[in-house]
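Here is how the chains run, residue by residue.
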Amino acid sequence: MAKMASVNPFNLSDSEEEAERRPNETVDTERSPSDGAPGPPPGNPFSPPADAEPPSLLLSSNRTSPSGEGISASAAATSAMAGSAETRVSVDVIAAQLLRDQYILTALEFHTELLEAGRELPRLRDYFSNPGNFERQSGTPPAKDQVLGPGGPLNRAGSISTLDSLDFARYSDDGNRETDERVAVLEFELRKAKETIQALRANLTQALSNFSFVEPIRPLEKRALNFLVNEYLLKNEYKLSSITFSDENDDQDFELWDDVGLNIPKPPDLLQLYRSCGTPLPSPRDTADVSVGVDFLRLLKVVQELEYQISLLNNEKQNLAEQIKKLQWCVLECMSVKLSPAFQQALLSFCRMCSDSRLGAEVSRIADSEESVMLMLGRCLPHIVPNVLLAKRERMVAHLCQELIPLILCTACLHPEPKERDQLLHILFNLIKRPDDEQRQMILTGCVAFARHVGPTRVEAELLPQCWEQINHKYPERRLLVAESCGALAPYLPKEIRSSLVLSMLQQMLAEDKADMVREAVVKSLGIIMGYIDDPDKYSQGFELMLLSLGDPSERVVNAVHQVFIPAFAAWTTELGTLHTSLIPSLLARIEKLHTQGEHGLDEHKLHVFLSALQSLIPPLFAVVLQNAPFTSRVKLHGDIPAIEVTRFPRPASPLQDVATIIGSREMLSALLQLYDHQLEHEGTTGWESLLWVVNQLLPQLIEIVGRINVTSSTCVHEFSRFFWRFCRTFGKIFTNTKVKPQFQEILRLSEENVDASAGNGILTKATVPIYATGVLTCYNQEEDRKLLVGFLEDVMTTLSLSHAPLDSLKASFVELGANPVYHELLLTVLWYGVVHTSALVRCTAARMFELLVKGVNETLVAQRVVPALITLSSDPEISVRISTIPAFGTIMETVTQKELLERVKMQLASFLEDPQYQDQHSLHMEIIRTFGRVGPNAEPRFRDEFVLPHLHKLALANNSQSVENKRIDIATQLFEAYSALSCCFISEEVMVNHFLPGLRCLRADMEQLSPEHEVILSSMIKECEIKVENRAMSDPQGSMSIASSLVGEDAKTKFLSKMGQLTTSGAMLANVFQRKK
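Residues numbered from 1 in each chain as written. Predicted model: local features only at pLDDT ≥ 70, side-chain atom pairs only at ≥ 80, totals over all residues. Heavy atoms only, no water.

In the annotation of an unreviewed UniProt entry, the protein is listed under the name LisH domain-containing protein and assigned to Astatotilapia calliptera.

Draft legend 1. The overall build of the protein, seen in detail. Looking only at helices and strands, the protein has 51 helices and 2 strands in total. Residue burial in the protein is summarised as follows: out of 1078 residues, 47% are buried. (Helix = DSSP H or I, 4+ residues; strand = E, 2+ residues; numbered from the N terminus. Buried < 20%, exposed > 50% of the residue type's maximum accessible area, 1.4 Å probe, protein only.)

Draft legend 2. Examining the packing of aromatic side chains more closely. Applying the stated criterion across every chain, the model contains 23 aromatic pairs. Here Phe245 and Phe254 contribute two aromatic rings whose centre-to-centre distance is 5.7 Å and whose plane-to-plane angle is 45°, an arrangement assigned as tilted. Considered together, Phe245 and Phe254 belong to a single accessibility category, that of buried residues. Here the aromatic rings of Tyr676 and Trp688 are separated by 5.9 Å at their centres, their planes lie at 85°, and the arrangement is edge-to-face. Placement of Tyr676 in helix α31 (residues 666–683) and of Trp688 in the loop between α31 and α32 (689–706) is noted, with a sequence separation of 12 residues between them. (Phe/Tyr/Trp six-rings, centres within 6.5 Å; stacked < 30°, edge-to-face > 60°.)

Draft legend 3. Spotlight on a negative patch on the surface. Residues Asp247, Glu248, Asp250, Asp251, Glu417 and Glu420 make up a contiguous surface patch of negative charge. Its place among the elements puts Asp251 in the loop between α11 (239–248) and α12 (270–275). A residue is classified by how much of its surface remains accessible, and Asp251, at 58% relative accessible area, is exposed. (Patch = residues over 30% accessible without salt bridge, like charges linked within 9 Å, V, L, I, M, F, W, Y side chains within 5 Å. Areas by Shrake-Rupley, 256 points an atom, 1.4 Å probe, with all protein chains shown as cover. Salt bridge = Lys/Arg side-chain N within 4 Å of Asp/Glu carboxyl O. Lys, Arg positive; Asp, Glu negative; His and termini not counted. Charge placed at Lys NZ, Arg CZ, Asp CG, Glu CD.)

Draft legend 4. Up close: helix α45 (residues 941–959). Helix length check: α45 (19 residues) gives 26 Å between terminal C-alpha atoms against 27 Å at 1.5 Å per residue, within 8%. Where α45 bends most, at Val948, the angle is about 25°, and the proline Pro950 comes one to four residues later. (Expected span 1.5 Å × (residues − 1). Bend = angle between axes of the 7 residues up to and from the residue.)

Draft legend 5. The arrangement of unusual backbone geometry in detail. The phi angle at Gln102 is positive, at roughly 65°, despite the residue not being glycine. By secondary structure assignment, the location of Gln102 is in the loop between α5 (91–100) and α6 (104–116). Taking relative accessible area as the criterion, Gln102 reaches 22% and is therefore assigned partly exposed. For His804, which is not glycine, the phi dihedral falls at a positive 55°.

Draft legend 6. View of the nonpolar core. Grouped together as the largest cluster of nonpolar side chains are 239 residues, with contacts concentrated most on Tyr676, Phe731 and Phe735. No other element matches the 12 residues that helix α26 (residues 555–576) contributes to this core. With residues near it in sequence (within four places) discarded, Tyr676 still touches Phe622, Val625, Leu626, Phe631, Arg648, Trp688, Phe731 and Phe735. By size, the runner-up hydrophobic cluster in this structure holds 14 residues, among which are Val91, Ala95, Leu99 and Phe188. (Core = buried A, V, L, I, M, F, W, Y, C linked by side-chain atoms within 4.5 Å. Contact = heavy atoms within 4.5 Å.)

Draft legend 7. Representation of the side chain of Ser485. Its location among the elements puts Ser485 in helix α22 (residues 476–489). Among residues more than four places away in sequence, those in contact with Ser485 are Phe429, Leu444 and Cys467.

Draft legend 8. View of the environment of Ala1005. When you line up the elements, Ala1005 lands in helix α47 (residues 989–1010). Between the C-alpha atoms of Ala1005 and Leu957, which are 48 residues apart in sequence, the distance is 9.6 Å.

Draft legend 9. Summary view of helix α33 (residues 714–731). Taking 1.5 Å per residue as the helical rise, α33 with its 18 residues ought to reach 26 Å, and the 26 Å between its terminal C-alpha atoms agrees with that figure. Of all 18 residues making up α33, 13 are buried, and the element is well covered by its neighbours. A positive phi of about 100° marks Gly732, the residue just after α33.

Draft legend 10. View of the UniProt feature "repeat: HEAT" (unreviewed entry) in the protein. Look at the UniProt record and you will see "repeat: HEAT" (unreviewed entry) annotated at residues 866–904. Counting secondary structure, residues 866–904 comes out at 79% helix and 0% strand; the distance between its end C-alpha atoms is 12 Å. (UniProt positions renumbered as here; feature names shortened; annotations may be inferred.)

Here it is, written out as structure tokens:
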């Protein structure tokens, strides 16, 4: 024992087996060191090496654990002590100790170094060549007292160790060791697997040396003969036969002899074998008995087992190939990780597929084997044959063509010849002359199924050329099929082709195609392309495509842009991080450029284009604000999440503009909204960069643009009002109250102390007032919101009136709000505030506002609210207030049909005309004449004949005696405008003779002295009217006529119109001369 204590562990010797080999030459070597199984006789040249593992151990999935019969460490140590008198520790003892203590990697390194030194140790060789030592059994772990091998089992991947499965299954299973340990073990296992394969090939080679002339051909013999036959065909120029032969044996590579699977040199070619066929061969019995000496039945069983294992491996290889294809499609179809699955699904829903019918389901699944082809033919032929027999009408022919689609697709998918596949796909795209919606959906469904089956390479090489060929087809239905195909195939194309060739095709069709439906499909396909594109360099091209499509003259194309293209493009820019840094600022810059270039007025169409695009970007902008908020990490989807109110967001133009779709789900959106409102109300916006950009940059720039637009342009006011309404409704009430309203209020400054009586408050005359009133203050309709709107309008009306500023901004607010009946009561409340105001200026303004409101208000409100207010103002102490009511009274006469109401209004107007106190009120007479000329053509005929025309006659007669020339000219000019407008009306003969003609003569008398050019036209009108009266007096008992219809002869009409066009009076009034009452 003392000697052993001083042993140098690094003084190594050979193993005990090596030490005992010389004195023990007669030891039985037919037993394996690991399991003791008897082996073949030592003289058998065909037996595998002693260290080779049985073939079935590696290939079988049912591996066994290491046997308990292995050499234990203590036995090895005892054997070593007995076998040598030297005091050095043998390498076998060290190996046993390492395996017992589970130092597997150290033992592996030790084994490798011994191999490199040429001193292989049987214990390590047997341990590392036994797969059972590395197999982790399924089920529960072994008990502590379970008998294990020398080192116990090492956990490793439980799948079959094949080269095909290494990349997919090796790293997915759990192990108890570190990654580097597993990698080292697996590398060693791979080397052993290659050695085993070589051993198996040697066994197969030796097994084939035993043959009988009466038994059928073996698989490996068949592979060897196939190789020789193919070689013979190629050498003798039978190339087509060689190709066909190769196709029929597609499981064999004829380029390499090594693929046959035998460890023998390539035999001579068929010609040499034929020439040496007369040479006698040894008999099978002699070969078996003398040369081989192997139990033939045993080897045959080995071959059968190996063939079975090969079939298992082939099945596993096929399964893994299918998994690889699925993974490739998953990678190919995977869109940006920032796009929600709901958004992806909504985007792809615009690809119009047809799979809910029998034929659609048949088209969507392509047969991939002989059996499935037979089943498909059995399903389809019963529907094809009857149509073939009855295919005389065009409708039946089209139905027959539809039934052929599954067969064409299946054949094109499985046919080995590229030329034939191209011809079949050409037939598919030309199958129907002008395919309708259903037929196009069927073809698209088939194309998508084809693309899923064959992969992106064949889609690019075989399907895209068919689309390119028909891009300029004369039938729009065929071009429509191309446009829809580009979108449907986008997920299955290589990304380089998707962002180059396909994008260019669609861009060309958008710019050149004349059919609206084709351009609409192009825009939708472009949207799908934008959802899959991943090249940042294509951003500028996408932006230009958006502007080009927004400017399309077709409304359906523009709708498709807002429904599909802009949401998809916004989603891509969100991923790039350029939505609020590039896309929205670019649109704002173009709107500002319109203001600088609009010397002769703003281009309202372009403003609509840019502003509508901005409006479609509001939902994705809000989604960016939510997704980049400080509270996103605190979102919890479990528990009670309140439902989102139906009216929380404006109704989206499409599912892609729904904020819930962009975010991913309504549950996620609801949770985010809760935190969003809490953050705004209690925690503020510090560190919230996306929201700070909206508040500090976007809003101020928009408000500045609004202050520069023309307030008289109802279109511009309406567009901006609608934009701000959707913007505020999307961002919420708290955001509107705390971020939007304060910025407007700071600019407007509505307090009366700030009113400059001489110049007025400039900003109150701009479009900021109507846009704030109609776009911001109307977003929410609760009581406090309505009070705020009423107070704002009252303040604006008061401020503008007291500062003598133009009322255009207030009028624009009333026109925009008056278009919605919900606000009629509110506007009447505002006007009543003006009616009872202490300032006459405010009362005048209120009276003029009634004119704008009357046309849209129902007659009940007119009778109950409007007329009483106007009658109150008509008796106002200030004459200017009374005069201001005349236009509103005239509008009531033009629009209302209630007789009692009309009588009240008529009495009030009569009091203005007949009361002596108004006899010398020049401004009142001017307002009445102007009102009569405006409402007379559309008023009730009785009111026009009995009230309007007689009073115009009186005013014209009184004007003849007017001594003040300026007043006389004003009245005459206004009368000329009124008579020109009334000349289009049908006037009875009595009124014509008693009032219309006398009034014209009085007016001509004034114009002879004041305006000779007007006198010429009036003379022509009077002459034609007199001729008409004379000619129709007997023939027309009704006596109904109009000056416009009394102009006999084309020359008279031309003369009248030419002279009317030479006048410098109001063109707007003269333009209505020949418009009849509708």
